[in-house]
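If you want the building blocks of each chain, they are given just below.
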Amino acid sequence: MGNKKTRSKQNSNGNRVGTAALGRPVERSSTKGNAPNTDLRTYSIPDYRLEHPDFTVRQRVETDHQGHEHVRYEVEGNLDAPVPPIRDSKYLDKSQAIEIYRYMLLNRKMEVALENLYKQGKVVGGVYFGLGQEACSCASAYALDKDDWFAPMIRNQGSLLVRGFGASVTMMQYMAKADSPTKGRDGTAHFGDIEKRNTVSPISMLGDLIPVMAGVALGARLQGRNLAVMTYIGDGGQSTGVTYEGINFAAVQNLGLVLFVESNLWAYSTPSEMQYRCKDLAERAIGYGIPGVIVDGTDACQVYDAAREAVERAHAGEGPTLIEAKMMRMKGHAIHDAAAYVPKPMFDFWKKRDPIARFENYLVKEKKWLTPKENQDLIAEVEAEIEAEREIAVNSPMPTPESAEGGVFCENGCHQIKPKYGMPKVKKGTGAGYKETEAAVHLK
Ligand SMILES: Cc1ncc(C[n+]2csc(CCOP(=O)(O)OP(=O)(O)O)c2C)c(N)n1
Ligand SMILES: [Mg+2]
């Protein structure tokens, strides 16, 4: 993030890729013989993947010799398919691709450090991991411009790194340290920074971030700015009613929501087969009347391209985009969960599609953008950074007991909410037609 972004190119129809390639559902009449068949409509959902994994998870109920029933999952399908290549990005140049790779390495090594801190008894509570999802977290956040807004979910610790939160911030938060953003009041990732980094804190109630972020986009637009607002929802969390409400609101208001649906095949111990019946969650976009697109969530280039196109649509005032990123959660729900319910062949399949190993291979062997020596130096430098950040976090003090009573209520205007980009433009009432809205009065 932060460096110059290449704008998406024009496609052959002369439309901006951001609009046309993402396939805003377009009604098409299909033909029967020569006559148009008006009974049939088809909608397009672009799919950037170079592979379409083909397997199904089935639930089996088994009875043990004592008569107790146990649920077990089995996977069936083509689990020996060859690993697909990384798809060349339409927009990323060499230095940007290497920067994303570096963030992915930081993401992974920070989580390894967190696991060790947990095992050393230094973490208060649990730890959540985004293992296998680093490309989705890092390349998505990298597609945002500095002024755009963003809200991570618990697994998007890589996105936080991209948005400028050092690894020590997340580590201190898990250790409930005095210098952490919540000063020890919350043990997990519930922090943001609405002043400097345009980052809204995750919300535990799944789906609730979506209307909140739609509201952020609406607020910015009332203040004269078309900003992109990016957030994430899981394949489990997208079943909530508030997800529907939030996306629908963003759709009808044409707000710049960039929603990543992280299709990681599991919601806690529930497989996606038991979560929804449509083939791909991107199809939900058709019902909302917004563009939807499918990407391989383990391919940083695909994630970036779809995100960047959605961000450009948002900046152009063209409304929300739903991006389904397909991948696999490679650990349990959190550190307490050994994920014993996941059939081992599924882990084996996705392990071969490790987003970091594949991107490394792409940069070193295919593109030759990094020599093996440069790659080793980069890895060593990332390890040194994580070690330094770990030291900062470990050395931060625990909060004093007296500090617990501070920061509970607003003190001395600490949370004054002011319009960030300018006073909202409202129509002045001149007669029976218009009335100054209550919201506008309130903002003054
Ligand atoms: C409204 C709501 N219902 C239930 C929960 C409890 N809960 C927390 S995480 C989770 C599973 C989420 O799965 P998914 O959305 O697929 O995200 P993933 O863990 O795979 O990233 C559930 C059910 C919650 N936080 N909010
Ligand atoms: Mg999930």
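Scroll up a little and you will see the structure.
Rules used in this analysis
- Residues numbered from 1 in each chain as written.
- Chains lettered and ligands numbered in written order.
- Predicted model: local features only at pLDDT ≥ 70, side-chain atom pairs only at ≥ 80, totals over all residues.
- Pairing = 2+ DSSP bridges.
- Helix = DSSP H or I, 4+ residues; strand = E, 2+ residues; numbered from the N terminus.
- Axes fitted to C-alpha atoms, helices over the stretch in contact; angles between N-to-C directions.
- Core = buried A, V, L, I, M, F, W, Y, C linked by C-beta atoms within 7 Å.
- Buried ≥ 20, exposed ≤ 12 C-beta atoms within 10 Å, placed from the backbone.
- Contact = placed C-beta atoms within 7 Å.
- Near = placed C-beta within 6 Å.
- Nonpolar A, V, L, I, M, F, W, Y, C, P; charged D, E, K, R; others polar.
- Right-handed = clockwise from strand over helix to strand, strands pointing away.

Q: What am I meant to see in the sheet that holds strand β6 (residues 229–234) here?
A: Reading across the sheet, the five strands line up as β5-β6-β7-β11-β10 and stay open at both edges, with parallel pairing between neighbours. Two strands close off the open sheet at either side, each with one partner strand: β5 (149–151) and β10 (292–296). With direction set aside, neighbouring strand axes in the sheet form an average angle of 20°. Summarising the sheet, strand β7 (residues 257–263) and strand β11 (residues 321–326) pair through six bridges and their orientation is parallel. Paired with V258 across the two strands is T321, which belongs to β11.

Q: Would you mind showing me how to read the nonpolar core here?
A: The nonpolar side chains of soluble globular proteins are, as a tendency, buried together. Core analysis: the biggest nonpolar cluster contains 100 residues, and A139, M213 and I323 have the highest contact counts within it. Setting aside residues no more than four positions away along its own chain, I323 makes contact with L259, F260, V261, V293, V295, A306, A307 and A310.

Q: What is the right way to read the environment of A285 from this model?
A: Take A285: it is sitting in helix α8 (residues 284–288). Along the backbone, A285 and N248 are 37 residues apart, and their C-alpha atoms lie at a distance of 9.7 Å.

Q: Any chance you could explain the environment of V200 here in plain terms?
A: Positionally, V200 belongs in the loop between α5 (167–174) and α6 (209–222). Take V200: there are 20 C-beta atoms within 10 Å of it, and that puts it in the buried class. The sequence separation of V200 and A151 amounts to 49 residues, and the corresponding C-alpha distance is 4.8 Å. Once you skip the residues sitting within four places of it in the chain, V200 turns out to touch W149, A151, G192, I194, L209, V212, M213 and V216.

Q: Got a minute to help me understand α5 in this structure?
A: Three- or four-residue spacings in an α-helix give side chains the same orientation, since the helix completes a turn every 3.6 residues. Buried residues dominate α5, accounting for eight of its eight residues. Within the span of α5, buried status applies to A167, S168, V169, T170, M171, M172, Q173 and Y174. Buried positions along α5 lie against α2 (94–119), α4 (157–162) and α12 (372–395).

Q: I keep staring at the site of ligand 1 and nothing clicks. Help me out?
A: If you check the shell around ligand 1, you find 16 residues, and the closest are L206, G234, G236, G237 and A267. When grouped by side-chain class, the residues that make up the shell around ligand 1 number five nonpolar, seven polar and four charged.

Q: Could you clarify how one ought to interpret the pairing of β10 in this entry?
A: Residues in a regular strand point their side chains to alternate faces of the sheet. Burial analysis of β10 places five of its five residues in the buried class, the great majority of the element. Residues G292, I294 and D296 point to one face of β10 and V293 and V295 to the other, with burial holding for every one of them. Note on the crossover from β10 through helix α9 (residues 300–315) to β11: the handedness is right-handed.

Q: Looking at this model, I keep getting lost on unusual backbone geometry. Mind explaining?
A: Outside of glycine, negative phi angles account for most residues, and trans bonds account for most peptide bonds. In the Ramachandran plot, N254 falls in the positive-phi region, its phi being about 55° despite a non-glycine side chain. Take N254: it is sitting in the loop between α7 (241–252) and β7. Given 18 C-beta atoms within 10 Å, N254 falls into the partly exposed group. The backbone phi angle of L265 is positive, close to 75°, even though this residue is not glycine. Looking at where L265 falls in the secondary structure, it is placed in the loop between β7 and β8 (266–267). Residue classification places L265 among the buried positions, given that 22 C-beta atoms sit within 10 Å.

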